[in-house]
Amino acid sequence: MSVDKSPVYEVKAVPVEKVYANDYNPNVVAPPEMKLLELSIWEDGFTMPCVCYYNKDEDHYILVDGYHRYTVLKTSQRIYKRENGLLPIVVIDKDLSNRMSSTIRHNRARGMHNIELMCNIVAELDKAGMSDQWIMKNIGMDRDELLRLKQISGLADLFANREFSIPDEVAPTETERKTL
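Named according to an unreviewed UniProt entry, the protein chain is Chromosome partitioning protein ParB originating from Bacteroides xylanisolvens.

Some details on the overall build of the protein chain
Looking only at helices and strands, one finds eight helices and five strands in the protein chain. A burial count over the protein chain gives 29% of its 180 residues as buried. Contacts in the protein chain between residues at least 24 apart in sequence constitute 72% of all its contacts with a sequence separation of at least 6.

Brief notes about helix 1 (residues 31-44)
Between its first and last C-alpha atoms helix 1 spans 20 Å; for 14 residues at 1.5 Å apiece the expected length is 20 Å, and the two agree. Along helix 1, the residues that are buried comprise Met 34, Glu 38, Leu 39 and Ile 41. Along the long axis of helix 1, the arc covered by the buried residues comes to 165°, so they all point the same way. For helix 1, the exposed residues set more than 90 degrees away from the buried face come down to Glu 43 and Asp 44. Packing partners of the buried residues in helix 1 comprise helix 2 (67-75), helix 3 (77-82) and helix 6 (132-139). Following helix 1 by one or two positions, Gly 45 adopts a phi angle in the positive range, close to 80°.

With respect to the pairing of strand 3 (residues 50-55)
Where strand 3 and strand 5 (residues 86-91) come together, three bridges link them in parallel fashion. Counterpart to Val 51 in the pairing with strand 5 is Val 90. Bridge count for strand 3 against strand 4 (residues 60-65) is five bridges, and the pairing is antiparallel. What sits directly across from Tyr 53, in strand 4, is Ile 62. What sits between strand 3 and strand 4 in their antiparallel hairpin is a turn of four residues, with Asp 59 showing a positive phi close to 55°.

Let's talk about the nonpolar core
If you look at the biggest cluster of nonpolar residues, it comprises 16 residues, and the most contacted ones within it are Val 19, Leu 87 and Ile 89. At the level of secondary structure, the elements contributing two or more residues to this core comprise helix 1, strand 3, strand 4, helix 2 and strand 5. Sort the elements by how many residues they give to this core and helix 2 lands first, with three residues. In contact with Ile 89, not counting residues within four places along its chain, are Glu 10, Val 11, Lys 12, Val 14, Pro 49, Cys 50, Cys 52 and Tyr 61.

Regarding the packing of aromatic side chains
Following the criterion strictly, the structure yields two aromatic pairs and no others. Ring geometry for Tyr 54 and Tyr 61: centres 4.9 Å apart, planes at 45°, overall tilted. Above the ring of Tyr 53, the side-chain terminus of Arg 99 is found at 3.9 Å from the ring centroid.

Concerning the layout of surface pockets
Of the volumes computed, that of the second largest pocket is approximately 280 Å³. Residue lining of the second largest pocket: 13 residues in total, with Pro 7, Val 51, Val 90, Ile 92 and His 106 positioned closest to the centre. Top contributing element to the lining of the second largest pocket by residue count: helix 4 (residues 96-109), with four residues. Along the lines of polarity and charge, the residues of the lining of the second largest pocket split into eight nonpolar, three polar and two charged.

About the thresholds
- Residues numbered from 1 in each chain as written.
- Predicted model: local features only at pLDDT ≥ 70, side-chain atom pairs only at ≥ 80, totals over all residues.
- Heavy atoms only, no water.
- Helix = DSSP H or I, 4+ residues; strand = E, 2+ residues; numbered from the N terminus.
- Buried < 20%, exposed > 50% of the residue type's maximum accessible area, 1.4 Å probe, protein only.
- Contact = heavy atoms within 4.5 Å.
- Expected span 1.5 Å × (residues − 1).
- Arc of directions from axis to C-beta.
- Pairing = 2+ DSSP bridges.
- Core = buried A, V, L, I, M, F, W, Y, C linked by side-chain atoms within 4.5 Å.
- Phe/Tyr/Trp six-rings, centres within 6.5 Å; stacked < 30°, edge-to-face > 60°.
- Lys NZ or Arg CZ within 6 Å of the ring centre and 35° of its normal.
- 1 Å grid on protein atoms, 1.4 Å probe; cavity = no way out; pocket = protein on both sides within 12 Å on 5 of 7 lines; lining within 4 Å.
- Points joined across faces, edges and corners; volume = space filled by probe spheres on them.
- Nonpolar A, V, L, I, M, F, W, Y, C, P; charged D, E, K, R; others polar.

See the structure below:
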């Protein structure tokens with residue numbers, strides 16, 4: 001079922017008290033990522049509206065996508081105050097099974113981060129003089145992840161501009177031949 005006009009052209013600001021979480025969203029966000037989301041919304045504002053279904057009988061909105069943004073608004077006093085308790089939403093009019101499908105599509109469409117690109121970003125931030133603390137806070141990484149990415153990017157530098165491949169068969173070393 002396609003739409004004639006994208007809902008994003010009709011963003012509304014509604015009191016967060018009129019918005020309710022659905023009871024079927026399988027998406028879970030770990031505490032460090034929730035802290036990063038709160039920081040992102042604080043620093044950048046809401047850049048994407050939540051997706052909701054309007055329940056006319058109850059006169060409230062049911063979340064289809066955006067549960068974690070909604071949670072940040074409800075739990076962060078500074079953001080709640082700045083936003084005057086209003087959550088940016090768009091409305092879709094679908095039955096429950098189609099709303100569930102929409103939720104899954106939204107969750108799965110976000111994808112994963114490319115390690116090589118993340119290494120490049122970390123390397124660029126490091127070259128720009130950003131501290132490890134700054135990188136961890138603003139990119140949402142823990143110390144181990146940052147160390148791994150720095151190690152990977154360091155290995156990449158070792159092989160830059162060199163041809164490298166692992167042969168299908170490797171001749172055993174002298175030591176290995178003695179143990180065979």
